[in-house]
Amino acid sequence: MIAGNFRYGIRYEVTTDDKEDPWPQVWLQAQAIGGAGNDPLPAYNTHYNVKGRIDLAAFARSFSGDQREQQRTIWDVDVFWENLPLGQLPEDTQTPFDNPLAAPAKNWIEFQTLSEIIEQDYQGNPIVNSAGQPFDEPAEEDNEYEVLVFEKNFATLTEIRLHNRNYRRKLNDDTYAGYPAKHCLCLPILASPPKFAGYDPQSTGAGMTYYTGSARVICSDRPWVREFVNRGFKHFVGTGSDKKLVLATDPTTDANGDVDENTRVVVTEPVLLDTDGYRLPLGDAGNIRTFQTRGEADFDNFPFPLSA
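Keep in mind that this is a model prediction, so the values were computed, not measured.

Caption draft 1: Seen up close, the overall build of the chain. Within the chain, the regular secondary structure consists of 3 helices and 20 strands. For the chain, the proportion of its 308 residues judged to be buried stands at 31%. Expressed as a percentage of contacts within the chain between residues at least 6 apart in sequence, the contacts between residues at least 24 apart total 66%. Of the roughly 19000 Å² of accessible surface on the chain, a fraction of 50% belongs to carbon and sulfur atoms.

This is how it looks when you write it as structure tokens:
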């Protein structure tokens, strides 16, 4: 067991072919090649191993390079080794995610509140009065939706654009994240401005450009479809060749409240229709018409992993 902390270093002289080589390139190439009869530069977090001398308690943790002003193809590179904090394993401090494309995707949960006009109750029954007519004021309520949020790095914008074409405004075609089919809606996948990696000599992605894609999937207890109470100002009458579409009318009433079927006026409010487009009698509960306006996609292949 090593007690206390220690740190020691060695200066390397690295000769390049081109004085314009950037420091990250110098650092990476010197690791791979080295010089004739000389040791190559160590990789980040490797044990001390120079000219046959080995110290398994020392790990390369710091690198710095200075280009000589008069001889610009020569770099003086300082490498420092030190012991790790007590209880920390080497693999804990090696940075396998220095390459941004190997970084783990992130996934978290938010909620979004949407104010909506409600035309049916939780059992799917139309919201109408006891006479089967819509209320004077539409039923409106706030709904809180679970939103699955994702972030992941991509090498190119083309990848993110392709995922948008495959998933934007699409519904899950099967169970996803515990929700039945058509209950999860993928919103547009956003891309960050270009980011750059490789300016830290410890990075394995020297000179890399990448983009962070952000995706949001909004989930509902009800399917993402459009639902309407089946009503209108016109309806069918007759059957077969006599079937035609007419304006909905009601008979007039006189001062005594007596109905005059011979005198009719066009309705001022929509009437309820049956599933075939015929007018329902007064007091009928009516029915709901459902339309799916968004396509579906296989969310099993969604490019952003879902956390357990």
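And the narrative resumes.
Caption draft 2: Main features of the pattern of salt bridges. Under the criterion given, the structure shown has 8 salt bridges. Where Lys182 meets Glu296, a salt bridge forms, and the shortest distance between an N and an O atom there is 3.8 Å. Linking Lys182 in the loop between strand 7 (171-172) and strand 8 (184-186) with Glu296 in strand 20 (residues 296-297), this pair joins segments that are 114 residues apart in sequence. Since its relative accessible area comes to 28%, Lys182 is described here as partly exposed. Glu296 gets classed as partly exposed once you look at its relative accessible area, which sits at 37%. A salt bridge links Asp250 to Arg279; the shortest N-O distance between them is 2.7 Å. One end of the pair, Asp250, is in strand 16 (residues 249-253); the other, Arg279, is in the loop between strand 18 (271-272) and strand 19 (288-291), and 29 residues separate them in sequence. For Asp250, a relative accessible area of 31% translates into the label partly exposed. With relative accessibility at 30%, the residue Arg279 sits in the partly exposed group. Ionic contacts of the salt-bridge type, sharing partners, join the residues Glu13, Arg68 and Asp76 into one network.

Caption draft 3: Fine view of the pairing of strand 17 (residues 259-266). The pairing of strand 16 with strand 17 spans 5 bridges and is classified as antiparallel. Bridging from a neighbouring strand, Asp250 pairs with Val265 of strand 17.

Caption draft 4: Region of the structure containing the sheet that holds strand 3 (residues 53-67). Spatially, the 4 strands line up as an open sheet ordered 1-4-3-2, and their pairing is antiparallel. Every interior strand has two partners, whereas the edge strands, strand 1 (7-15) and strand 2 (47-50), have only one. With strand direction ignored, the average angle separating the axes of adjacent strands in the sheet is 45°. Across 8 bridges, strand 3 lies against strand 4 (residues 74-82) in antiparallel orientation. Looking across to strand 4, one finds that Ser64 is bridged to Asp78.

Caption draft 5: Helix 3 (residues 157-167), seen in detail. Among all positions of helix 3, only Ile160, His163, Asn164 and Tyr167 are buried. Summarising the axial view, the buried residues of helix 3 lie within an arc of 105°, below the 170-degree limit, and thus occupy one face. Across helix 3 from its buried face, at more than 90 degrees, point the exposed residues Thr158, Arg161 and Arg165. Looking one or two residues beyond helix 3, the residue adopting positive phi is Arg169, at roughly 65°.

Caption draft 6: Layout of the nonpolar core. Ranked by size, the top nonpolar core spans 18 residues in total, and within it Phe150, Tyr176, Val217, Phe299 and Phe302 carry the most contacts. At the level of elements, strand 6 (139-154), helix 3, strand 8 and strand 11 (208-219) are the ones that each hand at least two residues to this core. Broken down by element, this core gets its largest block of residues, 4 residues, from strand 11. Leave out the neighbours within four places in its chain, and Phe299 touches Tyr167, Lys170, Leu171, Asn172, Asp173, Tyr176, Cys184, Cys186 and Val217. By size, the runner-up hydrophobic cluster in this structure holds 17 residues, among which are Val14, Trp23, Trp75 and Val77.

Caption draft 7: Main features of the state of the cysteines. Considering all chains together, one arrives at 0 disulfides under this definition. Counting only cysteine sulfurs, Cys184 is the nearest neighbor of Cys219, a cysteine outside any disulfide, at a range of 3.5 Å.

Caption draft 8: Quick peek at the environment of Thr275. By the element assignment, Thr275 lies in the loop between strand 18 and strand 19. Accessibility expressed as a relative area gives 62% for Thr275, which makes it exposed. Along the backbone, Thr275 and Asn287 are 12 residues apart, and their C-alpha atoms lie at a distance of 7.5 Å. In this view, Thr275 contacts Asn230 and Asn287; residues no more than four positions away in its chain are not counted.

Caption draft 9: Quick look at unusual backbone geometry. Even without being a glycine, Arg169 presents a positive backbone phi close to 65°. Mapped onto the fold, Arg169 is located in the loop between helix 3 and strand 7. At Lys182, a position not held by glycine, the phi torsion is positive, near 70°.

Reading the values: rules and limits
Residues numbered from 1 in each chain as written. Predicted model: local features only at pLDDT ≥ 70, side-chain atom pairs only at ≥ 80, totals over all residues. Heavy atoms only, no water. Helix = DSSP H or I, 4+ residues; strand = E, 2+ residues; numbered from the N terminus. Buried < 20%, exposed > 50% of the residue type's maximum accessible area, 1.4 Å probe, protein only. Contact = heavy atoms within 4.5 Å. Areas by Shrake-Rupley, 256 points an atom, 1.4 Å probe, with all protein chains shown as cover. Salt bridge = Lys/Arg side-chain N within 4 Å of Asp/Glu carboxyl O. Pairing = 2+ DSSP bridges. Axes fitted to C-alpha atoms, helices over the stretch in contact; angles between N-to-C directions. Arc of directions from axis to C-beta. Core = buried A, V, L, I, M, F, W, Y, C linked by side-chain atoms within 4.5 Å. Disulfide = S-S within 2.5 Å.

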